[in-house]
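Here is what each chain is made of, one letter per residue.
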Amino acid sequence: SSIRVNGISTLLTNLVLNLSPNVARDDLPWAEEFKRGCAHTLRIVQPGEGAHDLEMSEFVKILFFRFNAVVLATIAEGSGPSLVLDGPKTVSRTILAALVIISDEMLELLSLTNLVE
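For clarity, every value in this text was computed on a predicted model and none was experimentally measured.

A. Region of interest: the pattern of salt bridges. By the definition in use, this model includes one salt bridge. Where D104 meets R43, a salt bridge forms, and the shortest distance between an N and an O atom there is 2.5 Å. Taken together, the positions of D104 in helix α4 (residues 104-111) and R43 in strand β1 (residues 40-45) put the pair 61 residues apart, joining distant regions of the chain.

B. Looking closely at unusual backbone geometry. The backbone of D53 shows a phi angle near 75°, a positive value even though the residue is not glycine. In this fold, D53 is placed in the loop between β1 and β2 (54-55). One non-glycine residue, N68, lies in the positive phi region at around 50°. Tracing the sequence through the fold places N68 in the loop between α3 (56-67) and β3 (70-76). The exposure class assigned to N68 is partly exposed, which follows from its relative accessible area of 44%.

Cut-off values and rules
- Residues numbered from 1 in each chain as written.
- Predicted model: local features only at pLDDT ≥ 70, side-chain atom pairs only at ≥ 80, totals over all residues.
- Heavy atoms only, no water.
- Salt bridge = Lys/Arg side-chain N within 4 Å of Asp/Glu carboxyl O.
- Helix = DSSP H or I, 4+ residues; strand = E, 2+ residues; numbered from the N terminus.
- Buried < 20%, exposed > 50% of the residue type's maximum accessible area, 1.4 Å probe, protein only.

This is how it looks when you write it as structure tokens:
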């Protein structure tokens, strides 16, 4: 069986392609927001020393509110990918990586912190 989801093709295309926003001064607000959204891509980040011992929910909130990043899944030692809701409760040394949606600009800022390696 299949499920029809309006906009899924656009969402998947935007996640796979890495596009520059190319925002123009005369763009309508929705067009500017759309173009900025296209600049977000899937990335894998490794938690750094600053993230260890944080509650997973706190780590996810920091990434979302400070860096506009959405954590989709974590990869823990000895297991495959796990949805954030089903994963460990704290970010420890057993969390090898997190799959996030983030812009290149915010990824660069995030890399300057001790939250990721």
